[in-house]
Amino acid sequence: MIICIPEESEPSEKRIAISPENVAAFAKLGYAVRVEAGAGESANFPDSIYESAGATIVSDREEIWSQTDLLLKIDPPTMEEATMIREGATLISFAYPARNEDLLKVLGERKINFLGMDCVPRISRAQSMDALSSMANVAGYRAVVEAAHQFGRFFTGQITAAGKVPPAKILVIGAGVAGLAAIGAARNMGAVVRAFDTRPAVKDEVKSLGGEFLELDFEEDGAGSGGYAKVMSKEFIEAEMKLFAEQAEDVDVIITTAMIPGKKSPVLITEDMVKSMKSGSVIVDLAAEGGGNCELTEPGESKVVHGVNILGYTDLPSRLPTQSSRLYGNNLVKLVNLLGKADEFSINQEDDVIRGALVLDEGILSWPPPKVEVSQQPTDPKKESQPVSEEKEAGGFSIFSPGLMLALLSALLLTLGWKGDNEFLDQLTVLVLSCFVGYMVVWNVTPALHTPLMSVTNAISGIIIIGGLVFSTGPEPWADPKGILAGVAILFATINIFGGFFVSHRMLRMFRKK
């Protein structure tokens with residue numbers, strides 16, 4: 001079975017669907033890989049590297065499209081390319097089915113199987129195939145690079161002989177994949193980062209990256225389906241717009257990422273907010289493809305309005321083509337692996353991932369997919385409270401009462417020691433006291449200082465130390481074999497306890513902010 005990788009036709013597109021590292025992965029699945037000549041040049045992958053990896057370089061563009069069994073692309077094919085693809089072949093690329101109805105009709109006439117990388121369901125099992133997240137990660141990072149390029153100062157604060165440089169203040173609106181990538185990159189460059197999101201659940205993620213999470217005194221959760229944010233109420237929007245207006249006067253850079261699938265991007269930065277920003281400030285609108293979060297954004301363009309640089313680039317992943325191609329190629333490898341080896345290739349619609357990504361099934365439109373029914377465990381009915389028995393109400397006798405159990409244990413110990421010698425009673429007393437002391441001393445330590453397993457082993461070691469101290473007493477304990485063994489026991493138990501706390505301390509340092 002032949003996999004073909006054509007060159008992307010969009011002039012601004014520098015990515016290629018797979019990197020040379022992915023060729024070996026496809027070969028293991030039994031696929032023969034053919035790459036159009038020069039397709040990877042813009043991503044710094046010359047033809048010679050693909051040939052070294054085992055791919056075949058094809059110079060004839062028409063051959064790439066007409067002799068393929070499985071065609072891998074990034075952007076959807078153009079109308080001209082759609083007429084070139086072999087009838088009955090399988091195509092995997094971004095699809096955007098809601099806005100490409102004419103393209104789907106042409107592909108449908110050629111009975112194409114079309115899987116959209118943007119349609120892969122956002123579920124845990126499909127994370128390795130989520131190309132939207134992969135590209136959003138690159139876009140978020142690149143947005144900070146573009147902002148730093150346009151900004152007239154350092155991002156990091158510095159104190160030099162020539163003067164003091166304050167750190168740049170950055171506001172990131174939307175803490176999804178792109179937003180978190182932007183927060184991490186900006187913090188690594190030394191900027192002071194603030195972030196806002198309608199989903200309170202991302203607060204800890206923002207803080208873990210060193211950002212400050214801005215909150216509204218408003219109880220409403222913006223978590224929607226598929227990992228996206230939902231449309232908020234009018235009152236909430238008014239409150240957040242007031243917050244953005246206050247922040248616009250103070251920050252130096254604003255990065256917006258708010259997009260709602262199938263709808264126009266919401267306007268979050270108005271012209272009045274832009275006017276209030278300091279001259280030389282930067283706005284990077286990652287939602288420009290959907291119309292933009294800034295009222296003055298022009299998709300695909302960079303312009304200066306009221307002294308503010310407004311970047312509406314829609315090709316940010318393509319501005320890091322080498323990295324983007326590698327990540328996208330890895331997503332494709334995982335998806336093709338799910339479709340099966342070359343001799344077992346099939347589109348299994350019973351699989352939720354494949355069914356969600358399937359746009360055309362042998363030319364028949366199968367998008368949107370049916371909603372996945374999530375099985376829910378039936379809630380256990382509340383157990384009716386059992387009436388208290390008359391015996392318990394009256395303080396009646398029970399064989400399992402603590403007082404009786406203690407009395408039985410005391411009687412048992414008294415019977416065992418009645419005719420025993422003094423040594424047995426001494427050892428029994430040491431055992432009981434050691435258990436009590438070990439429990440009280442070690443198990444009452446704050447759980448944050450050790451793991452549950454270490455708490456148990458430390459308790460046992462504490463018992464050993466107490467018992468060893470009793471046996472090692474005397475005028476010459478080193479002359480008694482019991483004293484020597486007790487000393488060895490004390491040594492190893494002490495090492496175990498100190499080692500346990502040392503390991504716990506090292507583990508806690510992993511989660512400490514530096």
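Residues numbered from 1 in each chain as written. Predicted model: local features only at pLDDT ≥ 70, side-chain atom pairs only at ≥ 80, totals over all residues. Heavy atoms only, no water.

Peer 1: Quick rundown of the overall build of the protein chain? Include the residues and the values.
Peer 2: Tallying secondary structure elements over the protein chain gives 17 helices and 17 strands in all. Going through the 514 residues of the protein chain one by one, you find that 41% of them count as buried. Of the contacts made within the protein chain by residues no fewer than 6 positions apart, 63% connect residues no fewer than 24 positions apart. When the accessible surface of the protein chain is split by element, carbon and sulfur atoms take 57% of a total near 28,600 Å². (Helix = DSSP H or I, 4+ residues; strand = E, 2+ residues; numbered from the N terminus. Buried < 20%, exposed > 50% of the residue type's maximum accessible area, 1.4 Å probe, protein only. Contact = heavy atoms within 4.5 Å. Areas by Shrake-Rupley, 256 points an atom, 1.4 Å probe, with all protein chains shown as cover.)

Peer 1: Outline the sheet that holds strand 10 (residues 192-196), listing residues and values.
Peer 2: With respect to topology, seven strands assemble into an open sheet ordered 11-10-9-12-13-15-14, the strand pairing being mixed. A single partner strand is all that each edge strand has here, and the edge strands are strand 11 (212-213) and strand 14 (302-305). When strand 14 meets strand 15 (residues 308-311), the two strands line up antiparallel, connected through four bridges. Bridge pairing links Val304 to Asn309 in strand 15. (Pairing = 2+ DSSP bridges.)

Peer 1: Can you lay out a nonpolar patch on the surface for me, pointing to particular residues and giving the numbers?
Peer 2: On the surface, a cluster of nonpolar side chains totalling about 480 Å² of accessible area is made up of Ile484, Val488, Leu491, Phe492 and Ile495. For Phe492, the location among the structural elements is in helix 17 (residues 481-509). (Patch = residues over 30% accessible without salt bridge, like charges linked within 9 Å, V, L, I, M, F, W, Y side chains within 5 Å. Salt bridge = Lys/Arg side-chain N within 4 Å of Asp/Glu carboxyl O.)

Peer 1: So what's going on with the side chain of Asp197? Residues and values would help.
Peer 2: On the secondary structure map, Asp197 appears in the loop between strand 10 and helix 8 (203-208). Residue Asp197 is classed as buried on the basis of its relative accessible area of 7%. Polar side-chain contacts of Asp197 include one of 2.6 Å to the backbone nitrogen of Ala175. Of the polar contacts made by the side chain of Asp197, one reaches the backbone nitrogen of Arg199; its length is 2.8 Å. (Polar contact = N/O pair within 3.5 Å; in protein donor to acceptor, adjacent residues only side chain to side chain.)

Peer 1: Please set out the pairing of strand 6 (residues 113-116) residue by residue, giving values where relevant.
Peer 2: Where a strand is regular, its side chains alternate between the two sheet faces. Alternating positions in strand 6 separate into two faces, Asn113 and Leu115 on one and Phe114 and Gly116 on the other, with burial throughout. Strand direction decides the pairing type here: strand 5 (residues 90-93) and strand 6, joined by four bridges, are parallel. From the neighbouring strand, Ile92 faces strand 6, where its bridge partner is Leu115. Between the parallel pair strand 5 and strand 6, the chain is carried across by helix 5 (residues 101-109), and the sense of this crossover is right-handed. Both strand 6 and strand 16 (residues 358-361) contribute to a ladder of two bridges, which runs antiparallel. Directly across from Leu115, in strand 16, lies its bridge partner Leu358. (Right-handed = clockwise from strand over helix to strand, strands pointing away.)

Peer 1: Residues and numbers for the environment of Ala43, please.
Peer 2: Structurally, the position occupied by Ala43 is in the loop between strand 2 (32-36) and helix 2 (47-53). Along the primary structure Ala43 and Ser324 are separated by 281 residues, whereas in three dimensions their C-alpha atoms are 8.8 Å apart. If near-sequence neighbours (up to four positions away) are discounted, Ala43 is found in contact with Lys14, Ile16, Pro321, Thr322 and Ser325.

Peer 1: Mind laying out the confidence of the model for the protein chain, listing which residues take part and the relevant values?
Peer 2: Confidence along the protein chain averages 86 in pLDDT terms, with 80% of residues attaining 70 or more. Below pLDDT 50 for its whole length, residues 390-395 participates in three contacts with residues either more than four positions away or in separate chains. (pLDDT = per-residue confidence, 0-100.)

Peer 1: Give me the nonpolar core: which residues, what numbers.
Peer 2: Ile5, Ile18, Phe26, Leu72, Ile92, Tyr328 and Leu332 are the most contacted members of the largest nonpolar core, which totals 39 residues. Where this core is concerned, the elements lending two or more residues are strand 1 (2-5), helix 1 (20-28), strand 2, strand 4 (70-72), helix 6 (131-150), helix 11 (321-339) and helix 12 (352-357). If you tally residues by element for this core, the top one is helix 11, at six residues. In this structure Ile92 touches Leu70, Leu71, Leu72, Lys73, Leu115, Met117, Leu332, Leu335, Val336 and Leu339, once residues within four positions along its chain are discounted. (Core = buried A, V, L, I, M, F, W, Y, C linked by side-chain atoms within 4.5 Å.)

Peer 1: Hey, could you go over the packing of aromatic side chains for me, with residue numbers and the actual values?
Peer 2: In this structure the tally under the stated criterion is six aromatic pairs. Ring geometry for Phe45 and Tyr50: centres 6.3 Å apart, planes at 85 degrees, overall edge-to-face. The two residues Phe45 and Tyr50 agree in class, both being buried. A connected cluster of aromatic rings, assembled from ring pairs, spans Phe94, Tyr96 and Tyr328. The lysine or arginine in question, Arg99, covers the ring of Tyr96, its NZ or CZ lying 4.2 Å from the ring centre. Note that Arg319 overlies the ring of Tyr313, its terminal NZ or CZ placed 3.8 Å from the centroid. (Phe/Tyr/Trp six-rings, centres within 6.5 Å; stacked < 30°, edge-to-face > 60°. Lys NZ or Arg CZ within 6 Å of the ring centre and 35° of its normal.)

Peer 1: Describe in detail the side chain of Thr68, supporting the description with residues and values.
Peer 2: Residue position: Thr68 is located in the loop between helix 3 (61-66) and strand 4. Side-chain polar atoms of Thr68 contact the backbone oxygen of Leu70, separated by 3.0 Å. With residues near it in sequence (within four places) discarded, Thr68 still touches Ile2, Ile3, Cys4, Arg86 and Ala89.

Peer 1: Which residues make up unusual backbone geometry, and what are the values?
Peer 2: Cis geometry marks the peptide bond from Trp367 to Pro368, where omega comes out at 0 degrees. Notably, Asn44 is not glycine yet its phi reads approximately 65 degrees, a positive angle. Assignment of secondary structure puts Asn44 in the loop between strand 2 and helix 2. Unlike most non-glycine residues, Glu362 shows phi in positive territory, near 55 degrees. Turning to its location among the elements, Glu362 is positioned in the loop between strand 16 and strand 17 (364-365). Glu362 gets classed as exposed once you look at its relative accessible area, which sits at 56%.

Peer 1: Tell me about the environment of Leu104, and name the residues and values.
Peer 2: Within the fold, Leu104 resides in helix 5. Overall, Leu104 belongs to the buried group, its relative accessible area being 9%. Taking the C-alpha atoms as reference points, Leu104 and Val359, 255 residues apart in sequence, are found 8.5 Å from one another.

Peer 1: Tell me about the sheet that holds strand 3 (residues 56-58), and please be specific about residues and values.
Peer 2: Overall, mixed pairing links the eight strands, which are arranged 3-2-1-4-5-6-16-17 in an open sheet. At either margin of the open sheet sits one strand with a lone partner, and together these are strand 3 and strand 17. With two bridges joining them, strand 1 and strand 4 adopt parallel strand pairing. Along strand 4, the bridge assignment pairs Ile3 with Leu70.

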